[in-house]
Amino acid sequence: QVQLVESGGGLVQAGGSLRLSCASSVHTFSNYVMGWFRQAPGKEREFVAAANKIGGYTYYADSVKGRFTISRDNAKRTLYLQMNSLKPEDTAVYYCAADPVGTATYQYWGQGTQVTVSS
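Caption draft 1: Region of interest: the pairing of strand 4 (residues 33-39). With 6 of 7 residues buried, strand 4 is to be regarded as a mostly interior element. Examined bridge by bridge, strand 4 and strand 9 (residues 92-99) share 7 bridges and lie antiparallel to one another. Bridge pairing in strand 9 places Arg38 opposite Tyr94. Looking at chain direction, strand 4 and strand 5 (residues 46-51) are connected through 5 bridges and run antiparallel.

Written out as structure tokens, the structure reads:
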């Protein structure tokens, strides 16, 4: 069983920055493609960013490209999301997820961390 625990959320003013972390319990963390998703109130959960197993390839939703950076430290079994130039529309619960197969099928999810951006 893979356990994922997000942290780093909070309240920030528009234009500010936050860094989210996702700590994993699994020793084989480096075997998983990792991703960040978010869900705003009344909206569907949406993809934010993903990183391949060694973090050499990263992918972003158009809405965050150029503002957010996903990274991972496999030695620390931790995934990060650096969020800059935050906008009120970035307000959501942010989840990290693990894909063991590499086909964008995320099987394991964290409990989420709230990010609120005030205008």
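Caption draft 2: Up close: the state of the cysteines. Applying the stated rule across the entire model yields 1 disulfide. Note that Cys22 is cross-linked by a disulfide to Cys96, the S-S spacing being 2.0 Å. Given an S-S torsion of about 50°, the disulfide between Cys22 and Cys96 has right-handed geometry. With Cys22 in strand 3 (residues 18-24) and Cys96 in strand 9, this pair connects stretches of sequence that are 74 residues apart.

Caption draft 3: Just the sheet that holds strand 8 (residues 78-83), in detail. Strand order in the open sheet made by the 4 strands is 1-3-8-7, with antiparallel pairing throughout. Of all strands in the sheet, those with a lone pairing partner are strand 1 (4-7) and strand 7 (68-73), marking the two edges. Each strand of the sheet is rotated relative to its neighbour by a mean of 15°, with strand direction disregarded. In this structure, strand 3 lies alongside strand 8, joined through 6 bridges in antiparallel fashion. Along strand 8, the bridge assignment pairs Cys22 with Leu79.

Caption draft 4: Just the side chain of Thr78, in detail. Counting through the fold element by element, Thr78 comes out in strand 8. With a relative accessible area of 10%, Thr78 lands in the buried category. For Thr78, the side chain forms a polar contact with the main-chain oxygen of Lys76, separated by 2.9 Å. Ignoring sequence-local partners within four residues, the contact set of Thr78 consists of Ser21, Cys22, Ala23, Phe29, Ser71, Arg72 and Asp73.

About the thresholds
- All residue numbers refer to position in the chain's written sequence, counted from 1.
- Reporting in this predicted model follows two pLDDT cut-offs: at least 70 for local features of residues, and 80 or more for side-chain atom pairs to be given and counted; totals over whole chains, interfaces and linings ignore these cut-offs and use all residues.
- Calculation of side-chain values draws on the structure's entire complement of heavy atoms; hydrogens and water are dropped beforehand.
- When a residue's accessible area, from a 1.4 Å probe over protein chains only, is under 20% of the maximum for its type it is buried; when over 50% it is exposed; and in between it is partly exposed.
- Helix and strand definitions here come from DSSP, where helices need a minimum of 4 consecutive H or I residues and strands a minimum of 2 consecutive E residues; each element is numbered from the N-terminal end.
- Pairing between strands is defined by DSSP: at least two bridges between them are needed.
- Any cysteine sulfur atom paired with another within 2.5 Å is treated as part of a disulfide.
- With axes taken as lines fitted to C-alpha atoms, and helix axes fitted only over the stretch in contact, angles between N-to-C directions fall between 0 and 180 degrees.
- Polar contacts here mean pairs of N or O atoms no more than 3.5 Å apart (in protein, one a potential hydrogen donor and the other a potential acceptor; neighbouring residues in sequence count only if both atoms are side-chain atoms).
- Here a residue-residue contact requires only that any non-hydrogen atoms of the pair lie within 4.5 Å.

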